[in-house]
Amino acid sequence: MDFFLSLYEKVKSDVVCRYPESKRFVAEPSHDYSMKKLNDLRNNYIHFMPKRWLIELAVLPSVALNCLEVAKFLAFDSFTVIWHDVDLRNRAELSFAFVRTELIALE
């Protein structure tokens, strides 16, 4: 199993292009920042050390939206995921749309 940020770097490279129609993710600086922030938050949570946490809540919706864009790209636009069940794909698309709408409302 690879590290989270290493996997993210692979998604942005041609390594992810396994099929002729596959595409790599073209990241903006905000995506890179958000993925690093998510990784930092995850590491601090998983490797819990007793300490005081200060998380700026105003930043979290935009971080989550950027990370959601990466996940949505992988699921639907990269052409590396093959959906065999159309209903499952439709449910996933609706879920992504719902989460995006809720995050925008929080911003």
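Note that residues are indexed from 1 along each chain, following the sequence as it is written. With the structure being a predicted model, the display of local features is reserved for residues of pLDDT at least 70 and the display and counting of side-chain atom pairs for 80 or more, all residues being used for whole-chain, interface and lining totals. Side-chain calculation: all heavy atoms of the structure are included, whereas hydrogens and water are not.

Engineer: Is there a simple way to think about the side chain of Lys12 in this case?
Structural biologist: The secondary structure listing takes helices from DSSP runs of H or I that are at least 4 residues long and strands from runs of E that are at least 2 residues long, numbered from the N terminus. In this fold, Lys12 is placed in the loop between α1 (4-11) and α2 (29-46). Given the relative accessible area of 17%, Lys12 is considered buried. Of the polar contacts made by the side chain of Lys12, one reaches the side chain of Asp32; its length is 2.9 Å. Two residues qualify as a contact provided that any one of their heavy atoms is within 4.5 Å of a heavy atom in the partner residue. Not counting chain neighbours up to four residues away, the residues in contact with Lys12 comprise Arg24, Phe25, Ala27 and Asp32. Residue exposure (1.4 Å probe, protein chains only): buried if accessible area is under 20% of the type maximum, exposed if over 50%, otherwise partly exposed. Whenever two N or O atoms come within 3.5 Å, that pair is a polar contact, provided that in protein one can donate a hydrogen and the other can accept it, and provided that, for residues adjacent in sequence, both atoms are side-chain atoms.

Engineer: I would appreciate a short explanation of the packing of helix α3 (residues 60-77) against helix α4 (residues 86-106) in the present structure.
Structural biologist: The packing of two helices is summarised by the inter-axis angle and the distance between the axes. The axes used here are C-alpha line fits, helices contributing only the stretch in contact, and every angle between their N-to-C directions lies in the interval 0 to 180 degrees. One can describe the packing of α3 onto α4 by two numbers: an axis separation of 10 Å at closest approach and a directional angle of 165°. The orientation of α3 with respect to α4, classified from their angle, is roughly antiparallel. For the pair α3 and α4, the crossing hand works out as left-handed. Of the residues in α4, those touching α3 at Pro61, Ala64, Leu65, Leu68, Ala71, Lys72, Ala75 and Phe76 are Arg89, Ala92, Glu93, Phe96, Val99, Arg100, Leu103, Ile104 and Leu106. Ten residue types, Ala, Val, Leu, Ile, Met, Phe, Trp, Tyr, Cys and Pro, are classed as nonpolar, four, Asp, Glu, Lys and Arg, as charged, and the remainder, Gly among them, as polar. Looking at the contact of α3 with α4 residue by residue, the class counts come to 13 nonpolar, no polar and four charged. Any angle between 65 and 115 degrees counts as roughly perpendicular, while under 35 counts as roughly parallel, over 145 as roughly antiparallel, and the rest as oblique. Crossing handedness: left-handed means the near helix sits turned counterclockwise from the far one by under a right angle, and right-handed means the same turn made clockwise.

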